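Coordinate inspection notes
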Amino acid sequence: MDEDLSQNRDRRNSTLDPIVEEDEDELVEIDTVRESSLYVNLSDITEIEDESHVCQFAVCENCGDELLLSNQYAIKTFNTLRDSSPEPTADKSSTPRKLKKLAELQDAGLQIEYRCPKCRACNDCLKPIEIERVSLREEAETVAINDSVQLDLQNKRIICSLPLRGSEEEFLSTNKPQSEKILKQQCLKYFNTEMCQIILKAFQKLFDNGHAVLLKDLPKETIEAIMSKTVQHFIPWRLVFKDSVSTPARPVLDASSNTPLREDGTGGRSLNDACMKGRIADMNLLRMILRFVAGLYAISGDLSQFYNSFKLTEKQWNLQLFLFKKDLDPNNETMVGVIRTLIYGVKSVAAQTEAGVEKLADFIQSKYPDLAELLKKSRYVDDLGDSKTNMDECNSVTDKADKLFKMFGLSCKEWSYTGHAPTEKVSSDGISITIGGMLWLPELDVLMLRIPQWHFGSVSRGRIKDGTKIFEGKSQDDMEKFVPKSVTPRQIASKFLSYYDLLQLALPLTAAMQRALRKDVKES
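Think of each chain on its own: its residues are numbered from 1, step by step along the sequence as written. For a predicted model such as this one, the threshold for reporting local features is a pLDDT of at least 70, and the threshold for listing and counting side-chain atom pairs is 80 or more; totals across whole chains, interfaces and linings nevertheless cover every residue. The side-chain figures draw on all heavy atoms in the structure; neither hydrogens nor water molecules are used.

1. Focus: the overall build of the protein
Secondary structure elements follow DSSP: runs of H or I no shorter than four residues count as helices, runs of E no shorter than two count as strands, and numbering proceeds from the N terminus. Counting its regular elements, the protein contains 16 helices and 21 strands. A simple rule labels every residue: compare its accessible area, found with a 1.4 Å probe on the protein chains alone, to the largest value its type can have, and call it buried under 20%, exposed over 50%, or partly exposed in between. The buried share of the protein, reckoned over its 524 residues, is 39%. Within the protein, residue pairs in contact and separated by at least 24 positions form 66% of the contacts whose partners lie at least 6 positions apart. Summing over all exposed atoms, the protein offers an accessible surface of approximately 30,000 Å²; the carbon and sulfur share of this is 50%. Residue contacts follow a heavy-atom distance rule, with two residues in contact if any of their heavy atoms lie within 4.5 Å. Note that accessible areas follow from Shrake-Rupley with a 1.4 Å probe, and for residues the cover is restricted to the protein chains shown.

2. Quick look at a nonpolar patch on the surface
Patch definition: residues with relative accessible area over 30% and no salt bridge; like charges joined within 9 Å; nonpolar side chains (Val, Leu, Ile, Met, Phe, Trp, Tyr) joined within 5 Å. We define a salt bridge as a contact between a side-chain nitrogen of Lys or Arg and a carboxyl oxygen of Asp or Glu at a distance within 4 Å. A grouping of Leu-286, Leu-290 and Val-293 is seen on the molecular surface, where their side chains present a nonpolar patch of about 240 Å² in accessible area. Tracing the chain through its elements places Leu-286 in helix α10 (residues 285–294). Among the residues examined, Leu-286 registers a relative accessible area of 38% and is labelled partly exposed.

3. Regarding the sheet that holds strand β12 (residues 321–325)
Backbone-to-backbone hydrogen bonds pair the strands of a sheet. The strands run either parallel or antiparallel. Ordered in space as β7-β13-β12, the three strands form an open sheet in which the pairing is antiparallel. Sheet topology places β7 (212–214) and β12 at the edges, where each strand pairs with a single neighbour. Ignoring strand direction, the axes of neighbouring strands in this sheet form an average angle of 35 degrees. Sheet topology places β7 next to strand β13 (residues 334–339); three bridges connect them, and they run antiparallel. Looking at β13, one finds that Val-213 is bridged to Val-338. Every angle, taken between N-to-C directions, lies between 0 and 180 degrees, and every axis is a line fitted to C-alpha atoms, over only the stretch in contact when it is a helix. Here helix α6 (residues 176–190) sits on the sheet in contact with β12 and β13, set at roughly 40 degrees to β12. Whether two strands pair comes down to DSSP finding at least two bridges between them.

4. What to know about the nonpolar core
Residue types Ala, Val, Leu, Ile, Met, Phe, Trp, Tyr and Cys, when buried and joined through side-chain atoms within 4.5 Å, form a set referred to as a nonpolar core. Counting 78 residues, the largest nonpolar core has Leu-162, Leu-271 and Leu-328 as its most contacted members. Residues Ile-289, Phe-292, Ile-433 and Met-438 belong to the second largest nonpolar core, which totals ten residues.

5. A closer look at the side chain of Lys-388
With respect to the secondary-structure elements, Lys-388 resides in strand β15 (residues 383–388). A residue is classified by how much of its surface remains accessible, and Lys-388, at 14% relative accessible area, is buried. Once residues within four sequence positions are removed from consideration, Lys-388 is found in contact with Gly-295, Leu-296, Tyr-297, Glu-393, Cys-394 and Val-397.

6. Topic: the sheet that holds strand β5 (residues 149–152)
Here three strands make up an open sheet; going across it, the order is β5-β6-β11 and the pairing mixed. The sheet is open, and its two edges are formed by β5 and β11 (310–312), each paired on a single side. Between one strand axis and the next, the sheet turns by 35 degrees as a mean value, whatever way the strands run. Sheet analysis places β5 next to strand β6 (residues 157–160), joined by four bridges and oriented antiparallel. Opposite Asp-152, over in β6, you have Arg-157 as the bridge partner. Packing of helix α11 (residues 349–364) onto the sheet brings it into contact with β5, β6 and β11, and relative to β5 it is tilted by some 45 degrees.

7. What about helix α13 (residues 391–407)?
A helix is expected to span 1.5 Å for every residue after the first. The end-to-end C-alpha distance of α13, which contains 17 residues, comes to 25 Å, matching closely the 24 Å that a straight helix rising 1.5 Å per residue would cover. Among the residues of α13, Met-391, Cys-394, Val-397, Thr-398, Ala-401, Leu-404 and Phe-405 are the ones counted as buried. Looking straight down α13, one finds that the buried residues subtend no more than 160 degrees of arc, so they occupy a single side. Residues of α13 that are exposed and point over 90 degrees away from its buried face: Asp-392, Lys-403 and Lys-406. Packing partners of the buried residues in α13 comprise β10 (297–303), α11, α12 (369–377), β15 and β16 (412–417). Polar contacts, as used here, are pairs of N or O atoms within 3.5 Å; protein pairs need one atom able to donate a hydrogen and one able to accept it. Residues neighboring in sequence count only if both atoms are side-chain atoms. Capping of α13 at its N-terminal end is provided by Asn-390; its side-chain oxygen lies 3.2 Å from the backbone amide nitrogen of Asp-392. The directions considered for the arc are those from the helix axis to the C-beta atoms.

8. Some points on the environment of Asp-329
For Asp-329, the location among the structural elements is in the loop between β12 and β13. According to the relative accessible area criterion, Asp-329 is buried, its value standing at 17%. Sequence separation of Asp-329 and Phe-191 is 138 residues, and the distance between their C-alpha atoms is 6.1 Å.

9. Structural notes on the environment of Leu-342
Position of Leu-342 among the secondary structure elements: in the loop between β13 and α11. Given the relative accessible area of 0%, Leu-342 is considered buried. When near neighbours in sequence (up to four residues on either side) are disregarded, Leu-342 contacts Cys-160, Leu-162, Tyr-307, Asn-308, Phe-310, Val-349, Gln-352 and Thr-353.

10. Examining a positive patch on the surface
When charges are counted, neither His nor the chain ends are considered; positive counts come from Lys and Arg and negative counts from Asp and Glu. Charge coordinates come from a single atom per side chain, which is NZ of Lys, CZ of Arg, CG of Asp or CD of Glu. Together, Arg-515, Arg-518, Lys-519 and Lys-522 make up a positively charged patch on the protein surface. In this fold, Arg-518 is placed in helix α16 (residues 507–523). Taking the relative accessible area as the measure of exposure, Arg-518 reaches 47% and is therefore partly exposed.

11. Describing the confidence of the model for the protein
For every residue, the predictor states its confidence as a pLDDT score lying anywhere from 0 to 100. Of the residues in the protein, 73% have a pLDDT of 70 or more, and the chain-wide mean is 79. Long-range and interchain partners of residues 108–114, a stretch whose pLDDT sits below 50, account for ten contacts in this model, where long-range means more than four residues apart.

12. Considering the pattern of salt bridges
Going through the model one piece at a time under the given rule, you end up with twelve salt bridges. Two residues, Arg-291 and Asp-386, come together in a salt bridge whose shortest N-O distance is 3.9 Å. In this pair, Arg-291 is assigned in helix α10 and Asp-386 in strand β15, connecting sequence segments 95 residues apart. On the basis of relative accessible area, Asp-386 is assigned to the buried category, the value being 3%. Taking the shortest distance from any N to any O, the salt bridge between Asp-386 and Lys-388 comes out at 3.7 Å. For the pair Asp-386 and Lys-388, one class covers both residues: buried. Beyond isolated ion pairs, a larger network of salt bridges with shared partners links Arg-291, Glu-373, Asp-386 and Lys-388.

Okay, here's the thing in structure tokens:
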């Protein structure tokens, strides 16, 4: 072995200075080489005792020869260098720094990036968005979520099952009494109020579209299958407000509500605890907006009841029960409803809907590549935004999208085009619509910032509390009179950050505001 090493060293660059030390058993020699010329599996450790920590070969970049090393030889070499090294200095050529750099380079060469479980040699896994490393749990959850979504071509729908982290009995227990208490609170709060009709309309929309159904209206065998399960999980609901034309307020299911704990220690968790979250890798709002503003003619669409378009397998209907009273009258009979689709409020549905649309895009990729690109790159959740060079291309892609959506139970509320005024379905004023947190005036093809309401009150469940004063002035004097004399840095930051400007259209103004805010925070 020593003869081979000697021959390899003779072929190296003559500028390299060998370090030679005599030992009774063997001669230990190593060259002080350039920072990247010798690759040894050293890692960031101060001493090597276990032979398994060291590779049995290294490669010299100068000559390209492999240096065959015994584990014993490499261990002694490293420890000898460590013991003979001087104290760390600022000199970049010092031995400790070279050893550290050597270890870093070796570690960089051994990084193992993420590959799909089905095929570790799959080229699809080398997409830039997928290269980042993920934990084993994220990987397993992502696979389970993808497998839980299937395209049902025969029945023209997308069918899903909730990806559970274990058996439903392990996490959940029947929680009807707890859900009844929350239902009673909501009925007492909103019965005979202006919000009552909004709640009733939202539930009626679910019933009319077949997304929800009363338990008593199901076939007898289906009712028996649900009630025979160990767990009948009822999801409590509460009213949440939203700045939307079609749904200004909606009852949102609280899947994070814990169920009672059984005597044997099972249950006591929530549906969100039982469901996998997964990982959404390819949802990019900025990319959609950039594609929206790039072409001469823009199009915008909004998928109707997006989550509800994905059907839930009948075997898990017992996990999505809810309670309801006619007219929200606290004195009326409590009815049991069943949600037969994915629903907002459940942790797994965001990743599942993204996986479903991705599979839909892959399904049509070969025949309609432009439509697949629209679904993959010009969509953010249920918002669609894209642009083309002419109006014919816009009409073509939207016509194909409508046909595809109809095949799988999806639908677009309304398409808006450059040069055409939006309809009342998507616009509250008949002039503008929202896209990417901004306002778009389709008839003029102008993109504007949304100016939020100015107030110093609090917001509860998306709604400003009653009695909160809203700024309606138009001058600097009006502003000075409105703003309280004592304002905290948190309130200042809150008001500044309420302006959402993804494309930085107002950067000349907001840059000065950012400096003033930073200065104020430092001084306070």
